[in-house]
Amino acid sequence: MSSLTDDRPSGAVELSIGGMTCASCANRIERKLNKLDGVTATVNYATEKAKVTFAEGIDLHDLIAEVEKTGYTAALPPKPKSSAEQDESPSEPQDELRSLRDRLITSVVLAVPVIAMAMIPPLQFTHWQWLSLTLAAPVVVYAGWPFHKAAWTNLRHGAATMDTLVSLGTIAALGWSLWALFFGSAGTPGMTHPFAFTIERTDGSGNIYLEAAAGVTAFILAGRYFEARSKRRAGAALRALLELGAKDVAVLRDGREVRIPSDQLKAGDRFVVRPGEKIATDGVVEEGSSAVDASMLTGESVPVEVRPGDTVTGATVNAGGRLVVRATRVGSDTQLAQMAKLVEDAQTGKAQVQRLADRISGIFVPIVIALAVGTLGFWLGTGDGAGAAFTAAVAVLIIACPCALGLATPTALLVGTGRGAQLGILIKGPEVLESTRAIDTVVLDKTGTVTEGRMTLTDVHLADGEDRDEVLRLAGALEHASEHPIAQAIARGAAERVGELPAPEDFANVEGLGVQGVVDGHAVLVGRPRLLAEWSQHLPVELERKLAEAQTAGRTAVAVGWDGRARAVLVVADTVKPTSAEAIRQLRALGLTPVLLTGDNEAVARSVAAEVGIDEVIAEVLPADKVDVVKRLQAEGRSVAMVGDGVNDAAALAQADLGLAMGTGTDAAIEASDLTLVRGDLRVAADAIRLSRRTLRTIKGNLFWAFAYNVAALPLAALGLLNPMIAGAAMAFSSVFVVSNSLRLRGFK
C-alpha cells in the first residue's frame, strides 16, 4: 500500500480509467468519486483519465476501489517509456481499435444479406429464415458482445445506458425470432415476410426480427468505431511534444565527442551543438556564439543571439555557429517537458462536453425498459395470451432501440469531416462541434498564423546617389555566405530582385556585429551601425532616421557600406500574410472578437494588429503564460477559440474552448488542437467555425427526428397496434432520414 503513496505527492493524482463506453460512464465515476469526503474529481471520457485531488489521510487504494465498485478499472498511469520501448510494445488503444474494427467488419458482412432477405420478398427462398438465423446469430452474440458486456456491468451496479437498450433490443429481437422459428409458425418451409403496413394486433408467432437485431448491432458498432478512432488521438499531443527533442547528443568526455541518446544526459554534462542541430536540453553556453531559432517554443520570429554565459532551451535549433553547452536541466525539469505537462493538464481539465444522446439516455433508457415491462404485464393481465403480450413488448424495445440515434452523430460527423477535409479543415470529434457554438473570442498567435513566420526583406533605404540593384547585389552576395537567418532573408530577397549573386572573394563573421568581406573588388560591410562606425563609415542623418523608425516598429534594420561609405539600410521583418486582413473581417462577421497574442515585443505586435484590423493586443507573453492568458479570458466569462501553429501554442490550444492549429505548424500544435487547418490561410479558420456550427445543427436535427420517431411510435407499440415488423421498418426509415439529412452537408461552400 505504501508503494502507491510513497512516490506520489499527496493531494493530487491522475488515474487511468478503463472500460468507459460513453460520456455517461465518465459522469457516473465522477459522481461516485465526488461523494467521498475531501475528494474532488474530474473524469475525462476523451483522455480516459481521472484527475483527483484529495485531503490528507485518503489512501489511493480507496480511490481505485471506489472506481472499481462502479464497474470500471482504475490504475496509476505507467511511467513514460523510452522511445525504444515505445517502438517495441504495441499500444493497448491500438488493440482495442483493432477488436472494434474486426467486430464491425463481421457485422456488416453478415448483416447486409439478412436485411436484404427480410426487406425484399423475391429473395425469400424456401428456407431463407434459417440462413437468416445462421448469419444473424454471430452478429448479435459476437459482434454485439461489447454492448452485452457493458449492459451486464451496468445492471450489476444498478445503472442503464444506451448499451443497455442496444443489448436488450437485439437480444429480445433474436430471442423472439428463435421462439417464432422453433415454437411458432415462422420455421415452416416456404414462410415469407410480406412487407405489410397494417396497424392491428397480432400474436407475432409467424414473424422473425433478425434483420432488426443484426442491423442495429452493425449500425451502432460503426458509430462506436468512428468515435474510438477520433478519441485515440487525444494522447497524441504529448507524444508529439516529447518527440520534438533531439534524439541523440554529442557529449564531451575527456576532450572527445561521444554520441549518446539524449535521455541519458545528466545535469552538468557538456555537449556540442553544430549548426542546424537541435539543442538537446536546457543549458548554458560555455563556448562559441550563434543565433538560436526558438520560434517553435517562444513564437519570437527573430532568432536570438547567444554567446558564452547565455541560457538556451532544449528542442530549439542552432542556426549559426558551433556551440558547447553545459546541461542545467534534464528530463522532466526542462521547459519542453513542462510544456508537455501543461498540455496534459489542459486536456484532462477540459470541460466535459456531454454527448446529447448519452445525456438523454440516462432518462430515456429506464423509461423504455419500464414501458416494455409494463406493456408485457398489461397484456398478460388482460388475458390476450403470451404471444400478443410478448409481441407488444418486443415492439416497444425495437421501436425504442436507438438505431437512428446511434447514426445521428457519426453520419453527420462523417459527412461534415469529409467535406471539411476537401476544404482543408480536419475536425477531431463530436465534442469539437459543440465548442464552436458558444465561441465569442478568437485568440490569434502572431508568428506563422497572422504572419508568414519567416524573415523577409521588406524595405531598402538608400543614401543619396546609390543604385538599389548594386546595393542588393553586393550585400546579398556577402550575406549569402552566412548561415544567420536574417542574412539568409537578405540574400533571398536580393536574389529575387537582381538574379544571380556573385561569390565573395573573402568573407569573415564579426561576432555579434555582422559580416565583412570582398565582393567584386569592393570591401563590403553588412551589419549593425557599430560595425560600419569601426571603419569610419557613419550613416547619413536620413538613413539614421529610417533605421530608428524600423526599430521602433519592431523590425530588424541592417546597415550596408563599402569602399569607405555607408550606402544603405536594409529592413527585415516577418511579413503579414496577404489573406489575414480578409480573415479578420470574416471572423468579425461570425460575431467573434479577435485578440492578437504573441511572444514578440509590443511595437511589432501593434504594427501587425493595425495592418490586419485587430484592436486587442497581448504582447511579450512567455510560452507558459499563453495558457494563463486563455484562462484569464475564460475567467472573464468569454468562450475562447485559439489559433496557433507553434509548440509554444500547444498548451494554450488544449486549454482553449476550441483549438485551431495551422497545418503548416508543428505536430505538437496540430495534435493539441480540436481543428487543424491544412492550408496556412487564416480565412480557413472562419470556414472551419462555420462548417462546425452547420454540422452541429445537423446533428441536433438528426437527434430530434430520431427521438421524434421513437416517441411517436412508442404509444402505438405499447397499445399492441404496431407489429414489430412495422417497428423495424419505421426504425429503418428514421435511419434513412438521418443519413440523407447528413448528406446535405456535402453542399457546404
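Computed from a prediction, not measured in an experiment: that's the story for all the values here.

## Focus on the overall build of the chain
So, step 1. Within the chain, the regular secondary structure consists of 28 helices and 26 strands.
So, step 2. The buried share among the 749 residues of the chain stands at 53%.
So, step 3. Partitioning the intrachain contacts of the chain with sequence separation of at least 6 by distance along the chain shows that 70% fall at a separation of at least 24.
So, step 4. Element-wise, carbon and sulfur atoms account for 57% of the exposed surface of the chain, whose accessible area totals about 31,800 Å².

## What about helix α27 (residues 683-718)?
So, step 1. The first and last C-alpha atoms of α27 sit 53 Å apart over 36 residues, in line with the 52 Å expected at 1.5 Å per residue.
So, step 2. In the stretch just after α27, G720 is the one whose phi turns positive, near 80°.

## Topic: the side chain of D445
So, step 1. Here D445 shows up in strand β15 (residues 441-445).
So, step 2. For D445, the side chain forms a polar contact with the side chain of K626, separated by 3.0 Å.
So, step 3. Those residues in contact with D445, other than ones at most four positions away along the chain, are V450, L597, K626, M642, V643, G644, D645, N648 and D649.

## What about the sheet that holds strand β19 (residues 522-527)?
So, step 1. Sheet architecture is open: six strands sit in the order β16-β21-β20-β19-β18-β17, paired in antiparallel fashion. Taken across any chain shown, the strands that pair with only one partner, and hence form the sheet edges, are β16 (451-462) and β17 (506-510). Looking at each pair of strands side by side, their axes are set apart by 20° on average, direction ignored.
So, step 2. The pairing of β17 with strand β18 (residues 514-519) spans five bridges and is antiparallel. Counterpart to A508 in the pairing with β18 is Q516.

## Concerning the environment of S290
So, step 1. Along the polypeptide, S290 turns up in strand β9 (residues 290-293).
So, step 2. Judged by its relative accessible area of 6%, S290 falls in the buried class.
So, step 3. Sequence-wise, S290 and P275 are 15 residues apart; in three dimensions their C-alpha atoms are separated by 8.4 Å.
So, step 4. If we ignore the near neighbours within four places in the chain, the residues touching S290 are V304, E305, V306, N318, A319, G320, G321 and L323.
So, step 5. Within the local environment of S290, its side chain forms a polar contact with the side chain of N318, the two groups lying 2.4 Å apart.

## As for the nonpolar core
Most often, soluble globular proteins have nonpolar side chains that are buried together.
So, step 1. Among the nonpolar cores identified, the biggest contains 54 residues, and I208, Y209, L210, F364, V368, V396 and L714 are the most heavily contacted of them.
So, step 2. Residue assignment for this core shows that the elements contributing at least two residues are α5 (92-119), α6 (128-143), α8 (162-182), α9 (210-231), α13 (356-381), α14 (386-400) and α27.
So, step 3. The dominant element in this core, judged by the number of residues it contributes, is α9, at ten residues.
So, step 4. In contact with V368, not counting residues within four places along its chain, are L165, V396, L397, A400 and L714.
So, step 5. Judged by nonpolar contacts, the second largest core, of 45 residues, contains V442, L444, L658 and V684.

## Quick look at the pairing of strand β5 (residues 248-253)
So, step 1. Of the strand pairs in this sheet, β5 and strand β6 (residues 256-261) are connected by six bridges, and their pairing is antiparallel. Its bridge partner lying in β6, R253 is registered against R256.
So, step 2. Sheet topology note: the β5/strand β7 (residues 270-273) ladder contains two bridges and is antiparallel. Its bridge partner being in β7, A250 is matched across the sheet by V272.

## A closer look at the sheet that holds β6
So, step 1. Reading across from one edge, β6-β5-β7-β13-β8-β11 is the order of the six strands in this open sheet, with antiparallel pairing throughout. This sheet does not close on itself; its edge strands, each paired only once, are β6 and β11 (311-312).
So, step 2. When β7 meets strand β13 (residues 323-329), the two strands line up antiparallel, connected through four bridges. Its bridge partner lying in β13, V273 is registered against L323.

## Considerations on a nonpolar patch on the surface
So, step 1. Together, L178, W179, F182 and F183 make up an exposed nonpolar region whose accessible area comes to about 450 Å².
So, step 2. Mapped onto the secondary structure, F182 falls in helix α8.

## Some remarks on the UniProt feature "transmembrane region" (unreviewed entry) in the chain
So, step 1. UniProt tags residues 104-121, 127-145, 165-188, 208-226, 360-380, 386-409, 702-719 and 725-743 as "transmembrane region" (unreviewed entry).
So, step 2. Taken end to end, residues 104-121 is 89% helix and 0% strand, and its first and last C-alpha atoms sit 27 Å apart.
So, step 3. With 89% helix and 0% strand, the stretch residues 127-145 has end C-alpha atoms that lie 28 Å from each other.

## Observations concerning the packing of α14 against α27
Two packed helices can be described by the angle between their axes and the distance between those axes.
So, step 1. Here α14 crosses α27 at 175°, and the two axes come no closer than 8 Å. On the basis of their axis angle, the class for α14 and α27 is roughly antiparallel. Judged by residue contacts, A392, A395, V396, I399 and A400 of α14 engage N710, A713, L714, A717 and A718 from α27.
So, step 2. Residue composition of the contact of α14 with α27, grouped by class: nine nonpolar, one polar and no charged.

About the cut-offs
Residues numbered from 1 in each chain as written. Predicted model: local features only at pLDDT ≥ 70, side-chain atom pairs only at ≥ 80, totals over all residues. Heavy atoms only, no water. Helix = DSSP H or I, 4+ residues; strand = E, 2+ residues; numbered from the N terminus. Buried < 20%, exposed > 50% of the residue type's maximum accessible area, 1.4 Å probe, protein only. Contact = heavy atoms within 4.5 Å. Areas by Shrake-Rupley, 256 points an atom, 1.4 Å probe, with all protein chains shown as cover. Expected span 1.5 Å × (residues − 1). Polar contact = N/O pair within 3.5 Å; in protein donor to acceptor, adjacent residues only side chain to side chain. Pairing = 2+ DSSP bridges. Axes fitted to C-alpha atoms, helices over the stretch in contact; angles between N-to-C directions. Core = buried A, V, L, I, M, F, W, Y, C linked by side-chain atoms within 4.5 Å. Patch = residues over 30% accessible without salt bridge, like charges linked within 9 Å, V, L, I, M, F, W, Y side chains within 5 Å. Salt bridge = Lys/Arg side-chain N within 4 Å of Asp/Glu carboxyl O. UniProt positions renumbered as here; feature names shortened; annotations may be inferred. Parallel < 35°, antiparallel > 145°, perpendicular 65-115°, else oblique. Nonpolar A, V, L, I, M, F, W, Y, C, P; charged D, E, K, R; others polar.

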